[in-house]
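Chains, contacts and geometry: an overview
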Amino acid sequence: MEYRDEEIDLQYKEFDEISKYGTLTVPKNLFLIGTMNTADRSIVLFDAALRRRFSFIPLFPDYDLLAQSLNIQAEFNEQDFKDKLDNATDHEKQKILSILALKKLNTILASDASIGREKQVGHTFLLELQGKPEQFQKVWSRDILPLLEEYYFDRPEALE
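Now for a description of the structure that goes with this document. All residue numbers refer to positions counted from 1 along the written sequence of the respective chain. The predicted nature of this model means local features are confined to residues of pLDDT at least 70 and side-chain atom pairs, given and counted, to a pLDDT of 80 or more, with totals for whole chains, interfaces and linings taken over all residues. Each side-chain value is worked out from all heavy atoms of the structure, with water and hydrogens disregarded.

1. Some words on the overall build of the chain
Numbered from the N terminus, helices here are DSSP runs of H or I no shorter than four residues, and strands are runs of E no shorter than two. Along the chain, the regular secondary structure elements total seven helices and two strands. Helices (α) and strands (β) of the chain occur, in sequence order from the N terminus, as β-β-α-α-α-α-α-α-α. Throughout, the radius of gyration refers to the C-alpha atoms, and the reference size of a globule is 2.2 Å times the residue count to the power 0.38. The C-alpha atoms of the chain give 22 Å as radius of gyration, which overshoots the globular expectation for 160 residues (15 Å, by more than 25%). Taken along the three principal axes of its C-alpha coordinates, the chain extends 70 × 35 × 25 Å. Relative accessibility under 20% of the residue-type maximum defines a buried residue, over 50% an exposed one, and the middle range a partly exposed one, all with a 1.4 Å probe and only protein chains included. Every one of the 160 residues in the chain was classed for burial, and the buried ones make up 26%. Here, two residues are considered to be in contact whenever any of their heavy atoms come within 4.5 Å of each other. Within the chain, counting contacts between residues at least 6 apart in sequence, those at least 24 apart form 48% of the total.

So this is what it looks like as structure tokens:
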């Protein structure tokens, strides 16, 4: 990416000199979008090298997107969600309680110095549950809880 509009020899060009595919040119209008889990401290040097060379946009849980996706309301408002619980159907309660629980959980994770904001549980766990009400419990028990158990493997009392 550092040599845009310059021909770069590919790794095995020397072994196939007649091939027209021995070089690569990266045009100026090509943008690469990648994702990276910065919570993995084993890649800290790699992470630092990338941050020196590229722009980063942090993506944290989007509760407004969940509220919209699950047809609750246009924006997440904790008090509005709590107020809706009294008159909600069982399916609506699952959706509302899941978002409230995710918000509370992420607040705790972000404030825990040993975990931090980078290890918040993402909204994508709940995003596609609108048409699958039977999946809410499964997502919490098979996806989110095991993730938390991994975070707190050395402090099971904190998991409680």
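2. Focus on the nonpolar core
We call a set of buried Ala, Val, Leu, Ile, Met, Phe, Trp, Tyr and Cys residues a nonpolar core when their side-chain atoms join them within 4.5 Å. Formed by 26 residues in total, the largest nonpolar core has its most connected members in F81, I96, I99, L109, V121, L148 and Y151. Contributing elements (two or more residues each) for this core: helix 2 (63-69), helix 4 (90-111) and helix 6 (136-151).

3. Digging into the environment of E78
For E78, the location among the structural elements is in helix 3 (residues 78-84). According to the relative accessible area criterion, E78 is partly exposed, its value standing at 36%. Measuring from C-alpha to C-alpha, the distance between E78 and I96 comes to 9.5 Å, with 18 residues separating the pair along the chain.

4. Here we look at the layout of surface pockets
Cavities and pockets are found on a 1 Å grid laid over the protein atoms alone: a cavity is a set of points where a 1.4 Å probe fits but cannot escape, a pocket is an open set with protein on both sides within 12 Å along at least five of seven lines, and a lining residue has an atom within 4 Å of such a point. Grid points are joined across faces, edges and corners, and a volume is the space filled by probe spheres set on the points. Estimates place the volume of the second largest pocket at around 170 Å³. As for the second largest pocket, its lining consists of A101, K104, L105, I108, L109, W140, L148, Y152, A158, L159 and E160. Every element with two or more residues in the lining of the second largest pocket is listed here: helix 4, helix 6 and helix 7 (156-159). Here the lining of the second largest pocket gets five residues from one element, more than from any other, and that element is helix 4. Residues are grouped as follows: Ala, Val, Leu, Ile, Met, Phe, Trp, Tyr, Cys and Pro are nonpolar; Asp, Glu, Lys and Arg are charged; every other residue, Gly included, is polar. For the lining of the second largest pocket, the class distribution of residues is nine nonpolar, no polar and two charged.

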